[in-house]
Amino acid sequence: MSTNRRAFLIGIGVVAAGTTVGVVVAPRLLGHRKPPFDFKPNAFVRIGTDGSFTMTLGKAEMGQGIYTGMPMTLAEELDVNPQRLTIEFAPVDPAFNHPFLKMQFTGGSMSTISTYDQMRLMGATARTMLVSAAAARWKVPVESLATDDGTVVERNGGRRATYASLAEDAAKLPVPAKENVKLKDRGSFKYVGKPQKRLDNVVKVTGRAVFGSDVQPPEMLKAVIARAPSFGAKVKSFDATRARAVKGVVDVKQVPSGVAVIAENTWAALKGREALQVEWDESAGQNVSTASLRAEWRGLAAKPGTVGKDVGNVKNALANAARKIDVEYELPYLAHACMEPMNAAALVKDGRCTLWVGTQNQSQDLNLVAQALGIPPANVELHTQFLGGGFGRRASTHSDFTVEAAHVANGVGRPVHVVWTREDDMRGGFYRPYSISRVRAGLTADGKPLFYHQTVVGKPVLKQSPIGKPIIDKLGFDPSSFEGAANTLYGFQNLRVESHDTDEVVTNLWWRSVGNSIHGFVVNGVVDELATLAGQDGYAFRRELLATQPRALAVLDAAAKNAGWGQPLPAGRHHGIALHESFGSIVAEVAEVSVEGRNVRVHRVTCAIDCGFAINPDQVVAQVQSAVIYGLSAALAGEITIDKGRAVQGNFTDYPVLRMSEVPQIDVHIVESDGPLGGLGEPGTPPIAPAVCAAIHAATGQRIRRLPIAASLA
Amino acid sequence: MITLNVNGQSRQIDADPEMPLLWALRDLLKLTGTKYGCGVAACGACTVHVDGQPVRSCVTPVSSVANAKIATIESLGVKGDHPVQRAWIELDVVQCGYCQSGQIMSAVALVESNANPTDADIDAAMDGNICRCGTYPRIRAAIKRAAEIKRNGGAA
Ligand code: FES
Ligand code: FES
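Residues numbered from 1 in each chain as written. Chains lettered and ligands numbered in written order. Predicted model: local features only at pLDDT ≥ 70, side-chain atom pairs only at ≥ 80, totals over all residues. Heavy atoms only, no water.

So, on to the sheet that holds strand S6 (residues 85-89) of chain A. All names here are of chain A. If you walk across this open sheet you meet the four strands as S3-S4-S5-S6, and the pairing is mixed. Each edge of the open sheet carries a strand with a single partner, namely strand S3 (38-39) and S6. Where strand S5 (residues 53-57) and S6 come together, five bridges link them in parallel fashion. Note on S6: the bridge partner recorded for Thr56 is Glu88. The sheet contacts of helix H2 (residues 66-78) involve strand S4 (45-48), S5 and S6, and relative to S5 the element is tilted by about 130°. (Pairing = 2+ DSSP bridges. Helix = DSSP H or I, 4+ residues; strand = E, 2+ residues; numbered from the N terminus. Contact = heavy atoms within 4.5 Å. Axes fitted to C-alpha atoms, helices over the stretch in contact; angles between N-to-C directions.)

Here it is as structure tokens:
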């Protein structure tokens, strides 16, 4: 095999010549080959004698930019221009575990936070060894040497040696202890803190990036599954005669999630599934619909629930409040609707399993597949691919789509790629929970905020996850019910949140910002209602509630100032503001909105974010814009309704998302602070819905207490 | 056997005439740059050019394009040096990237036919392409930049 051909095959994650390629490489530039020798001081970086720099990335890239952010941090301390790095996706290995959570996964907006110190140390360790190698070669003290983009130089302007030329010598040196590795000070950073081009640009504009959908191990078959038409439905019986008669169909078999049709190509599998006859027992979901849940949950919300937080004394406050409100907020089930529908490929053969999948949950997927197949985890190999969006859906609590692929492939002897249609994906559950809250809140006689009392009803996410159980057992309640409410930055002296956990058959999952997108809406909505009750505007009233929070105040002020809060707007346009903290970052957004009849148009969104320190400021802007657009799609029209256990919406035709002509101008202002590093992928989402709804109130006097907005403006 | 002309090459495929071009490209010809997103012409991820016009390959039966010239994202080359790709890189448009082949094929068709697209032109040409990562603001800016690169004869 020629080297080029080989590089290409590695690039598409193939099993070549009977040996499984251990690491799936997504070469940023064509022609990446294995160098004659690699200096490999740790699991993350290799320095080749051919001048190559390779970084192994244990995280999943789903758009959030970790494929660039982590390499930047490592490259900073290694002192190499990040653009020179080639990135590989790591195998599943404890070396790539989250430092504290002891599992390899990507989520919770914490990849950068949790790996920042580690990446710096890994890069600096390599640089220290390369400098020591040069010092030994030239017989000079290390202090007389410096580095410059992949080269060790003598400070007096004398000799220079590339890292490549030092790689073999450096490899012979002992790896220094952490204490003997000196990190740069932030002031001398060359790359971190400055805009850096994404390292996945070229593969993604040429169609060469290999997503889970695109893997091509030889002999691979495609499969689709006739899935439960309603939640909890079970296969009663099926007749595959006609399906098997479809040209290209190879096999039809029952698996836990339905009946799989395996074929030579996707089209044949789809035709086969159309011809398949399945009888379902749909009794489990028969009585579950959004309307019936609503009726039941409204009743529950009026009753005392499990207390998640209780500060001050809401009972007294309620009795003493001069003015108060008693309102109900409702948020729908939401599908993640990743651009790339779920899929996973598996080869099960000779007691071993190879997986190719775009997943946020590498180590859990691997372990659950091993369990499902009854083989040791050591016999399972998982090749992470690019993810066509994640938003939480690809961090499945039960590794549903990966385990399913292993079930389908089991016994086939050839790799099988299980692909989901958009309808499979959208109707397949794992939604953001449906949520109804009753909130009572009030003011003192002089219009000051006095208390906030929320009772939330819904099926919390953590409880549905294996990692959730120990947390819930310890606390005595599921904290995900209250996320974003119990810990609001708004300083209510009296605050109480209670919950009623439900157990409907519909499956839920974390959806970009998890509880924060629910409670960021409820809390900000109520705060806005209180502001009106106090005769103040939303900005001034929030300043009072945040008086002891200087970081939040700075963010709120930055958003208001840059939006021109209080200044005249074009005719028919109105402002609304909201602020929310999540994943360690504080975001405030001002929406400029006009309303004509049922038509809501968002013209401009001004955002301010404090994420501590922006590693790649350009990507901070991109992520906040992304989070705003994602949240705005949901706020305006996003809703999965359940009818007799079935999800009504199935495609972008009835689950509309924002398109080019509807996207507002979105300005993002980074508020630098000395706060700790905060997350980025999610925190921009929670404030957008309440900011838009506050603006709608300013425009029309109507309070939107039920999302999507389209459902409330009916 | 159906003969397709894809990216300037004649390719023979053994396919059901009803098979959408999308699956023929992806599964039979192994051109995986073109993506599936909805299957009902609602998202644009599968956009390719047929005789220079952007079409949704997920609803285009292979038999209907047997005599046409088909161009996929792969036809723009592997280096990213087409003016649209250059603009995309310059402005760091991509996020997850899954929609981008379709976005770029729609954008190429636009700038080929319109040397100076306005915001309204961009809305009209790009509204069929969904991006769940919300890269729209940068796509808009990059289309304008690509048109500029083209007007300058390919020089930046
Ligand atoms: S896949 Fe063809 S338009 Fe969506
Ligand atoms: S970049 Fe992810 S869907 Fe567009």
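Back to the text.
A separate point is the confidence of the model for chain B. Residues with a pLDDT of 70 or more make up 99% of chain B, whose mean pLDDT is 97. Interface confidence in the predicted complex, given as ipTM, is 0.98; pTM for the same model is 0.94. (pLDDT = per-residue confidence, 0-100.)

Let us look at the domain arrangement of chain A. The figure often quoted for interface size is the accessible area lost as the parts come together. Residues and elements named next belong to chain A. When cut into domains, chain A gives domain 1 (1-33), domain 2 (37-203), domain 3 (212-283 + 342-419) and domain 4 (290-334 + 431-713). Using only C-alpha atoms to locate each centre, domain 2 and domain 3 end up separated by 38 Å. Contact with domain 2, which involves 17 residues of that partner, is made by 14 residues of domain 3. In this assembly, domain 2 and domain 3 are joined by zero salt bridges. Where domain 2 meets domain 3, there are five residue pairs in polar contact (both at pLDDT 80 or more). (Domains from an automatic or database assignment. Salt bridge = Lys/Arg side-chain N within 4 Å of Asp/Glu carboxyl O. Polar contact = N/O pair within 3.5 Å; in protein donor to acceptor, adjacent residues only side chain to side chain.)

This brings us to the domain arrangement of chain B. All names here are of chain B. Its domain assignment divides chain B into domain 1 (2-75) and domain 2 (83-151). Between the C-alpha centres of domain 1 and domain 2 there is a distance of 21 Å. Across the boundary between the two partners, domain 1 contributes 15 residues, which contact eleven residues of domain 2. Counting the surface lost from both domain 1 and domain 2, the interface buries some 1100 Å², and carbon and sulfur atoms represent 59% of this. Seen at the junction of domain 1 and domain 2, the total is zero salt bridges. Summed over the shared surface of domain 1 and domain 2, the number is six residue pairs in polar contact (both at pLDDT 80 or more). Looking at the side of domain 1 that touches domain 2, the elements that each hand over two or more residues are strand S3 (47-50) and strand S4 (53-56). (Buried area = accessible area lost by both parts, 1.4 Å probe.)

In this section: the nonpolar core. Ranked by internal contacts, the top residues of the largest apolar core, which has 259 residues, are Ile709 of chain A together with Trp88 of chain B. Among the elements that take part in this core, helix H3 (residues 111-138) of chain A stands out by supplying twelve residues, more than any other. Counting nine residues, the second largest nonpolar core, distinct from the first, contains Ala395, Val461, Ile472 and Val514 of chain A. (Core = buried A, V, L, I, M, F, W, Y, C linked by side-chain atoms within 4.5 Å. Buried < 20%, exposed > 50% of the residue type's maximum accessible area, 1.4 Å probe, protein only.)

Attention now goes to the packing of H3 of chain A against helix H4 (residues 163-171) of chain A. Residue and element names in this part refer to chain A. Here H3 crosses H4 at 85°, and the two axes come no closer than 9 Å. With respect to H4, the element H3 is oriented roughly perpendicular. Between H3, through Arg127, Met129, Leu130, Ala133, Ala134 and Arg137, and H4, the contact on the second element is made entirely by Tyr163, Ser165, Leu166, Ala167, Asp169 and Ala170. Among the residues making up the contact of H3 with H4, the classes are represented as eight nonpolar, one polar and three charged. (Parallel < 35°, antiparallel > 145°, perpendicular 65-115°, else oblique. Nonpolar A, V, L, I, M, F, W, Y, C, P; charged D, E, K, R; others polar.)

Attention now goes to the packing of helix H3 (residues 100-113) of chain B against helix H5 (residues 136-151) of chain B. For any two helices packed against each other, the geometry is given by the interaxial angle and the distance between the axes. All names here are of chain B. Remark: H3 packs on H5, axes separated minimally by 10 Å, with the N-to-C direction vectors making an angle of 45°. It follows that H3 is oblique to H5 by the angle criterion. Both H3 and H5 take part in a crossing whose hand is right-handed. Here H3 contributes Gln100, Gln103, Ala107, Leu110, Val111 and Glu112 to the contact with H5, which in turn contributes Ile139, Ile143, Ala147 and Lys150. (Left-handed = near helix turned anticlockwise from the far one by under 90°.)

This brings us to the interface of chain B and chain A. Facing 55 residues of chain B, the contacting portion of chain A comprises 61 residues. A buried area of about 4600 Å², summed over both sides, lies between chain B and chain A, and 57% of it is on carbon and sulfur atoms. For Asp214 of chain A, the salt bridge is made with Arg26 of chain B, and the minimal N-O distance between the two is 2.9 Å. Breaking the side of chain B that touches chain A down by element, the ones donating at least two residues are helix H1 (21-28), helix H2 (83-90), H3, helix H4 (119-126) and H5 of chain B. Broken down by element, the side of chain B that touches chain A gets its largest block of residues, five residues, from H5 of chain B. For the side of chain B that touches chain A, the per-class residue count stands at 27 nonpolar, 13 polar and 15 charged.

Right, let's talk about the pairing of strand S2 (residues 9-13) of chain B for a bit. Residue and element names in this part refer to chain B. Relative to S2, strand S1 (residues 2-6) runs antiparallel, the two being bridged by five bridges. Within S2, the residue paired with Val6 across the bridge is Gln9. Remark: two residues form the turn of the hairpin made by S1 and S2, two consecutive strands paired antiparallel; Asn7 in that turn has positive phi of roughly 50°.

Moving on to the pattern of salt bridges. All names here are of chain A. Within the structure shown, the criterion is met by 55 salt bridges over all chains. Arg422 serves as the salt-bridge partner of Asp425, at 3.9 Å between the closest nitrogen and oxygen. In this pair, Asp425 and Arg422 both sit in helix H12 (residues 422-427), three residues apart, roughly one turn of the helix. The shortest N-O distance in the salt bridge between Asp528 and Arg703 comes to 3.4 Å. With a gap of 175 residues between them, Asp528 in helix H14 (residues 515-534) and Arg703 in the loop between helix H18 (688-700) and helix H19 (709-712) connect regions that are remote in the sequence. For the pair shown, Asp528 and Arg703 are each scored as buried. Taken together, the salt bridges that share partners define one network made up of Lys34, Asp38, Arg46 and Glu88.

All names here are of chain A. Evaluation of the coordinates by the stated rule reveals 18 aromatic pairs over all chains. A ring pair is formed by Tyr67 and Phe386, whose centres lie 5.1 Å apart and whose planes are at 50°; its orientation type is tilted. Pair noted here: Tyr67 is in helix H2 and Phe386 is in the loop between strand S19 (380-384) and helix H11 (400-409), with a separation of 319 residues, a long-range link. For the pair formed by Tyr67 and Phe386, the shared burial category is buried. Across from the ring centre of Phe613, 3.8 Å away, lies the NZ or CZ of Arg186, which sits over that ring. A cation sits over an aromatic face here: Arg432 above Trp511, 5.1 Å from the ring centre. (Phe/Tyr/Trp six-rings, centres within 6.5 Å; stacked < 30°, edge-to-face > 60°. Lys NZ or Arg CZ within 6 Å of the ring centre and 35° of its normal.)

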